[in-house]
Amino acid sequence: MDRLLLMLPGPMQVPESVAEAAGKPLFFHRSDQFNRFRDALGNRIASLHGTDSARILFLSACGTGAMESAMVNLTSPGQEIIVMVGGAFAERWVAIGKAFGLTVHAAEVDWRYGATARDTIQAMERWPAADVVFVTWSESSTGVLIDLPEMGRAVRKRHKLLVADAVSGLAVSPMEMDAWQVDTVISSSQKGLMMPAGLGLVAIGPRALERSRFASSPRFTWDWAPYLERVPVTPPLSLMHQLNASLDLMDSLGEGGIFRRRREVAETIRGLVRDAGLEIFAKRPGEGITAVVAPENMDVERFIHRLEDDYSILIEGGPGRLAGKIFRIGHVGHLTNDELGYFCDSFRKALTAEMNR
């Protein structure tokens, strides 16, 4: 390869048409021209979320910034919340809640399966005073995709709010925010949306919007209210142009085409792993990240460096408590057939060299 091939949980390659869109002319963000552009873009991205009732906000933020915005706009100091903890990024919900003085109930679940509706019901029964449930739909640290529709029904039945982190799931797996009864969905640009990092997205359903008017956690930059009228700070307009180009690319693949492509790539990667005699960590894998259980005699860091040094390919190890136990192959974003073929061939060679060392 004449450049690094990013096979990370994010970021990944940016398609040429999306990269070029960053060079489009800027215009004043207080103008009618910007308002029309923002509203049209919001309608397009709302469709990808599966909603016609949510308000879409564009933040100059990473995914964590979008998470924080949801936390502070839906809670008040001392309030009880539930976080379904099935991976390292779910643990981030816990950390954010504690940072803002909330009473955080962390419901630990099996990381290989992720949270289920049954787990969530048990957590709500254990902590009935908690009225917001935070989950990670697609867990980047494990490769698990949870069953959000069933969970949404369970949470709504108990008149609580459901907030989903879709950073590594949006545009990778179909999202049906309204049908699944999810009140807020947060995401960011550098994964399934096939863009550079820096654009945070928040889809706010009607129930969450109403709650935000009365929540009193401290906030300023991430206060949703000003964004509902006009942008209170200079927006990432170049990234918004790139998002528009990314949606154009998805549309060019036909209805459902982007998800078929994601599934095709994921099946190829999972087949590669299984053919190599390795075990996939996730028992309910999504289409964007394949976490692989490291064999007992494998030095994960050395294998990662071998792929980079010999083949210019970047993959990632396991975060936190999974360090040294797994490695992660990312395919959340754009991959050509040539890039996919090169990765598979290089992976086989690197793995053979590592295991014969």
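Residues numbered from 1 in each chain as written. Predicted model: local features only at pLDDT ≥ 70, side-chain atom pairs only at ≥ 80, totals over all residues. Heavy atoms only, no water.

> Mind laying out the packing of aromatic side chains, listing which residues take part and the relevant values?
Counted by the stated rule, this structure contains eight aromatic pairs. Relative to Phe-347, the ring of Phe-327 lies with its centre 6.3 Å away and its plane at 45°, an arrangement referred to as tilted. Pair noted here: Phe-327 is in strand 15 (residues 326-330) and Phe-347 is in helix 12 (residues 337-355), with a separation of 20 residues, a long-range link. What makes Phe-327 buried here is its relative accessible area of 0%. Taking 5.7 Å as the distance between ring centres and 40° as the angle between the ring planes, the aromatic pair formed by Phe-343 and Phe-347 counts as tilted. Placement of both Phe-343 and Phe-347 in helix 12 is noted, with a separation of four residues, approximately one turn of the helix. The exposure classification of Phe-343 matches that of Phe-347, with both residues buried. (Phe/Tyr/Trp six-rings, centres within 6.5 Å; stacked < 30°, edge-to-face > 60°. Helix = DSSP H or I, 4+ residues; strand = E, 2+ residues; numbered from the N terminus. Buried < 20%, exposed > 50% of the residue type's maximum accessible area, 1.4 Å probe, protein only.)

> Break down the environment of Gly-330 for me, with residues and values.
Along the chain, the position of Gly-330 falls in strand 15. Expressed as a C-alpha distance, the spacing of Gly-330 and Gly-10, which sit 320 residues apart in the sequence, is 6.8 Å. Residue contacts for Gly-330: discarding those within four places in its chain leaves Met-7, Leu-8, Pro-9, Met-12 and Gly-288. (Contact = heavy atoms within 4.5 Å.)

> Can you explain the side chain of Glu-339? Please cite residues and give values.
Mapped onto the elements of the fold, Glu-339 is located in helix 12. We classify Glu-339 as buried; its relative accessible area is 7%. In this structure Glu-339 touches Met-1, Arg-3, Leu-5, Gln-13 and His-334, once residues within four positions along its chain are discounted.

> If you had to explain the nonpolar core to someone new, which residues and values would you point to?
By size, the foremost hydrophobic cluster in this structure holds 57 residues, and its most contacted members are Leu-148, Leu-193 and Leu-243. For this core, the element with the highest residue contribution is helix 9 (residues 237-252), accounting for seven residues. Each residue touching Leu-193, except ones within four places of it in the same chain, is listed here: Ile-45, Leu-48, Leu-170, Ala-171, Ser-188, Leu-201, Leu-243, Ser-246 and Met-250. Ranked by size, the runner-up nonpolar core spans 38 residues in total, among them Met-71, Val-83, Leu-161 and Leu-209. (Core = buried A, V, L, I, M, F, W, Y, C linked by side-chain atoms within 4.5 Å.)

> How would you explain unusual backbone geometry if you had to name every residue and give the values?
That bond from Gly-10 to Pro-11 is cis: its omega, 0°, falls within 30 degrees of zero. On the secondary structure map, Pro-11 appears in the loop between strand 1 (5-6) and helix 1 (16-21). Positive phi is not limited to glycine here, since Gln-181 has a value of about 65°. Relative to the elements of secondary structure, Gln-181 occurs in the loop between strand 8 (161-165) and strand 9 (184-188). Here Ser-312, not a glycine, exhibits a phi torsion of approximately 55°, which is positive. By the secondary structure assignment, Ser-312 is in the loop between helix 11 (300-311) and strand 13 (313-314). The partly exposed category is assigned to Ser-312, whose relative accessible area is 23%.

> Lay out the pattern of salt bridges with the relevant residues and their values.
Under the defined criterion, the tally for this structure stands at 18 salt bridges. Close ionic contact of Glu-279 with Arg-112 constitutes a salt bridge, the shortest N to O distance being 2.8 Å. Of the two residues, Glu-279 sits in strand 11 (residues 279-280) while Arg-112 sits in the loop between strand 4 (103-108) and helix 5 (117-126), which places them 167 residues apart along the sequence. Residue classification places Arg-112 among the partly exposed residues on the basis of a relative accessible area of 21%. Among the salt bridges present, the one from Asp-183 reaches Arg-207, with a minimum N-O distance of 2.8 Å. Taken together, the positions of Asp-183 in the loop between strand 8 and strand 9 and Arg-207 in helix 7 (residues 206-212) put the pair 24 residues apart, joining distant regions of the chain. For Arg-207, a relative accessible area of 29% puts it in the partly exposed group. Overlapping salt bridges, with partners in common, bring together Arg-44, Asp-248 and Asp-251 in one network. (Salt bridge = Lys/Arg side-chain N within 4 Å of Asp/Glu carboxyl O.)

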